[in-house]
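So you can see what is in the structure, the chains are spelled out below.
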Amino acid sequence: PDAPVWLVTGGARGVTADCTVELARRTGGIFLLLGRSDLTPWPEWLAPETELRVLRGALARNASRPDVPGKPAEIDRMARRLLAGAEISATLAAIEAAGARAHYLQADIGNIADVQRVLAGAQQAHGAITGLVHGAGVLADGLAQTLDAGAFAKVYGPKVDGLNGVLSALDVRQLRHIGLFSSASAVFGNQGQANYAAANAWLNNVAGYLCRCLPDAQVKAFCWGPWAGGMVDESLARMFTERGIGLISRPEGARIFADMLLGSPPDQTCFVIGDEWGAA
């Protein structure tokens, strides 16, 4: 068979990147990583750094340079852009090292016209997309009674509108694998995450629908528990630990993802990965 062409939304950073690299090891082919962040080059004069706080300090000490802003808020934005660019570059290199080819596509997944334009060019260059991993997501927690339409849309949009936009830009009949990053919050509920749970519950239902429409494709929704990394910071990690909920290690999560997407029975469309939790 021809080498696969994978499209991965949100796949250049975070835990989706771990899953993407593992997939590259298993399948080879071409990986098109769709993300919002700039691929900002790292300045030659600046020592490599992965900690935001340390990088902000290094930039502040060099604020006299013409390419470094002077205001703390602008320094923070520059530091975040640099870290994002470095993480994207590292993911692309890891995919190449795993034996596949990798390209970064910059587009705002919330802008359907932008996504369609970028994906039309990518498919012209690399051929029809045969695998889709939808890992893009945003958190904006808040109790349901305090959520306004904007806070709901901020979380619902990348998951729901983003997937709709991507599917509208593809020949869905060419897809052989579809992996959707959902959340255990859609199954168990989680305080402060009504918007996130709703978006992911929609993904779970879409997985079932696509499985029926595409009987020759592997379609899977992954209802992830908390990972050690990604969206889970130290305070969230402590909260989960106090509730007796274990964290998924990044290598183990990536292995489970590739195993299930590539090798599980076709009629299994939804997986809950991690410990069961209550809604408290």
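Below: a short report on this structure.

How each quantity is defined
Residues numbered from 1 in each chain as written. Predicted model: local features only at pLDDT ≥ 70, side-chain atom pairs only at ≥ 80, totals over all residues. Heavy atoms only, no water. Helix = DSSP H or I, 4+ residues; strand = E, 2+ residues; numbered from the N terminus. Contact = heavy atoms within 4.5 Å. Areas by Shrake-Rupley, 256 points an atom, 1.4 Å probe, with all protein chains shown as cover. Core = buried A, V, L, I, M, F, W, Y, C linked by side-chain atoms within 4.5 Å. Buried < 20%, exposed > 50% of the residue type's maximum accessible area, 1.4 Å probe, protein only. Salt bridge = Lys/Arg side-chain N within 4 Å of Asp/Glu carboxyl O.

Observations concerning the overall build of the chain
Looking only at helices and strands, the chain has 9 helices and 7 strands in total. Here the analysis covers contacts within the chain between residues at least 6 apart in sequence; of these, 74% occur between residues at least 24 apart. Looking at the chain as shown, the accessible area adds up to about 13,400 Å², and 52% of this sits on carbon and sulfur atoms.

Some details on the nonpolar core
Side chains that are nonpolar tend, in soluble globular proteins, to be buried together. In terms of nonpolar packing, the biggest core is built from 32 residues, with Leu-7, Leu-119, Leu-132 and Val-166 touching the most fellow members. Contributions of two or more residues to this core are made by strand S1 (5-9), strand S2 (30-35), helix H4 (112-126), helix H5 (149-168), strand S5 (177-183), helix H7 (194-213) and strand S6 (218-224). The element contributing the most residues to this core is H7, with 5 residues. Beyond its immediate sequence surroundings of up to four residues, Leu-132 is in contact with Trp-6, Leu-7, Leu-163, Val-166, Leu-167, Leu-170, Leu-175, His-177, Ile-178 and Gly-179. Counting residues in hydrophobic clusters, the runner-up holds 29 residues, among them Ile-88, Ala-100, Tyr-104 and Ile-273.

Regarding the pattern of salt bridges
The full count for this structure, using the stated rule, is 11 salt bridges. Here Arg-56 and Asp-76 are joined by a salt bridge, their closest N and O atoms 2.7 Å apart. You can see Arg-56 sitting in helix H2 (residues 52-61) and its partner Asp-76 sitting in helix H3 (residues 72-97), a full 20 residues away along the chain. Accessibility expressed as a relative area gives 17% for Asp-76, which makes it buried. By sharing partners, the salt bridges in this structure join Glu-22, Arg-25, Arg-26, Glu-252, Arg-255 and Asp-259 into a single network.

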